[in-house]
Amino acid sequence: MKTKLIAPSLLSADFGNLQRDIEMLNNSQADWFHIDVMDGRFVPNISFGFPVMKTVQQHAKKFVDVHLMIVEPEKYVDEFINHGADLISVHYEACTHLHRTIHHIQSKGVKAGIVLNPSTPVLMLEDIIADVDLVLLMSVNPGFGGQKFIENTYKKIAETKDLIVSNNSTALIEVDGGVNLDNASKLFEAGADVLVAGNAVFSTESPERTIELLKI
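Along each chain, residue indices are assigned from 1 in the same order as the chain's sequence is written. The predicted origin of the model limits local features to residues at a pLDDT of at least 70 and limits the giving and counting of side-chain atom pairs to 80 or more, whereas totals for whole chains, interfaces and linings rest on all residues. Only hydrogens and water are set aside; all other atoms, that is, all heavy atoms of the structure, feed into the side-chain values.

With respect to the layout of surface pockets
Here is step 1 of the chain: A cavity here means a set of 1 Å grid points, computed over protein atoms only, where a 1.4 Å probe fits but cannot escape. A pocket is an open set with protein on both sides within 12 Å along at least 5 of 7 lines, and lining residues have an atom within 4 Å of a point. Grid points are joined across faces, edges and corners, and a volume is the space filled by probe spheres set on the points. By volume, the second largest pocket is sized at about 170 Å³.
Here is step 2 of the chain: As for the second largest pocket, its lining consists of 14 residues, of which Val-37, Met-38, Asp-39, Ile-70 and Tyr-76 are closest to the centre.

Below, the structure is given as structure tokens:
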């Protein structure tokens, strides 16, 4: 899997024209679809669930990256797999039995990721890093789009990279929150493989061109 991947977040799409926006991403240089699922309990907001996933499943022609910002994610992973997820990431802070959940996701032929909130130290991943396919570092506090990027993320990328290398892990590093044209190249240089961009893509006049520029 090549690095410098862009995963536009459908949370920022136009839900009145969701199929149109999905088709736009299909025809763009975007690599993944990023799906933010919020339950109003783990984070102070509620986003979409399975009806929207069904629309994504019907129309998306690219890799589907599902980020579960929910409590007890293990209860729902099978349903998301049935709705076309190619990768499911669960929060370290929300998942009591991490190894079990990660291995269960992978046993279904789907990639599994672990997510860290901004205040959770990277060292918490030491006993799971060799098992996961991806580490998602939140560069804002999860729950809302359009937040300001937290600068400490660069340090966390470096620490995650060191942990991956020292454990012979093949995990990719994904960054989500406040990603834009000003910091994308710096994040890739710091060691990120995948960048999630929502408002930075969908609020622009030409989302396709913005996706191209994010990859430069």
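Focus: the nonpolar core
Here is step 1 of the chain: Counting residues in each nonpolar core, the largest one holds 60 residues, and the members touching the most others are Leu-10, Ile-35, Val-66 and Ile-88.
Here is step 2 of the chain: With residues near it in sequence (within four places) discarded, Val-66 still touches Ile-35, Val-37, Met-53, Phe-80, Ala-85, Leu-87, Ile-88 and Ser-89.
Here is step 3 of the chain: Residues belong to one nonpolar core when they are buried, are Ala, Val, Leu, Ile, Met, Phe, Trp, Tyr or Cys, and are joined through side-chain atoms within 4.5 Å. Working definition: with a 1.4 Å probe on protein chains only, accessible area under 20% of the residue-type maximum means buried, over 50% means exposed, and in between means partly exposed. One finds Ala-7, Phe-63, Leu-172 and Val-194 within the second-largest nonpolar core, a separate group that totals 13 residues. Residue contacts follow a heavy-atom distance rule, with two residues in contact if any of their heavy atoms lie within 4.5 Å.

Here's the deal with the side chain of His-91
Here is step 1 of the chain: Secondary structure elements are defined from DSSP: runs of H or I of at least 4 residues count as helices, runs of E of at least 2 residues count as strands, and each element is numbered from the N terminus. Tracing the backbone through its elements, the reader meets His-91 in strand E4 (residues 87–91).
Here is step 2 of the chain: Polar contact criterion, stated in full: a pair of N or O atoms within 3.5 Å, where within protein one must be able to donate a hydrogen and the other to accept it, and residues adjacent in sequence count only if both atoms are side-chain atoms. Reaching out from His-91, the side chain makes a polar contact with the side chain of His-67 at a distance of 2.9 Å.
Here is step 3 of the chain: Every residue in contact with His-91, bar those within four places of it in the chain, is listed here: Phe-42, His-67, Leu-68, Met-69, Ile-114, Val-115, Asn-117, Met-138 and Pro-142.

What to know about the environment of Val-64
Here is step 1 of the chain: Take Val-64: it is sitting in strand E3 (residues 63–69).
Here is step 2 of the chain: Separated by 12 residues in sequence, Val-64 and Tyr-76 have C-alpha atoms that sit 16 Å apart.
Here is step 3 of the chain: The residues contacting Val-64, other than those within four sequence positions of it, are Phe-33, Ile-35, Met-53, Val-56, Gly-84, Ala-85, Asp-86 and Leu-87.

Points about helix H8 (residues 207–214)
Here is step 1 of the chain: Of all the positions in H8, only Pro-207, Thr-210, Ile-211 and Leu-214 are classed as buried. Down the axis, H8 shows its buried residues gathered within 100 degrees of arc, on one side only.
Here is step 2 of the chain: Next to the buried residues of H8 lie strand E1 (5–8), helix H1 (18–26), helix H6 (184–190), strand E8 (194–197) and helix H7 (199–202). Each direction from the helix axis to a C-beta atom contributes to the arc, which is the arc of those directions.

Structural notes on the UniProt feature "binding site: substrate" (unreviewed entry) in the chain
Here is step 1 of the chain: UniProt positions are given in the numbering used here, feature names are shortened, and annotations may be inferred rather than shown by experiment. On the UniProt side, "binding site: substrate" (unreviewed entry) is annotated at positions that read Ser-9, His-67, Gly-143, Phe-144, Gly-145, Gly-146, Asp-176, Gly-177 and Gly-178 here.
Here is step 2 of the chain: The exposure class assigned to Ser-9 is buried, which follows from its relative accessible area of 5%.

Some details on the side chain of Thr-120
Here is step 1 of the chain: Within the fold, Thr-120 resides in the loop between strand E5 (111–116) and strand E6 (134–138).
Here is step 2 of the chain: A relative accessible area of 9% means that Thr-120 is categorised as buried.
Here is step 3 of the chain: Ignoring sequence-local partners within four residues, the contact set of Thr-120 consists of Tyr-92, Glu-93 and Lys-156.

Re the sheet that holds E6
Here is step 1 of the chain: Two strands qualify as a pair provided that DSSP identifies no fewer than 2 bridges between them. Read from one edge of the open sheet, eight strands run E1-E8-E7-E6-E5-E4-E3-E2, paired in parallel fashion. Of all the strands in the sheet, the pair left with one neighbour each is E1 and strand E2 (32–38). The sheet shows a mean angle of 25 degrees between the axes of neighbouring strands, taken without regard to direction.
Here is step 2 of the chain: Relative to E3, E2 runs parallel, the two being bridged by seven bridges. Bridge pairing in E3 places Met-38 opposite Met-69.
Here is step 3 of the chain: The strands touched by helix H5 (residues 153–166) within the sheet are E5, E6 and strand E7 (172–176), with E7 carrying the most contacts at an inclination of about 165 degrees. Axis definition: a line fitted to C-alpha atoms, limited for helices to the stretch in contact. Angles are taken between N-to-C directions and run from 0 to 180 degrees.

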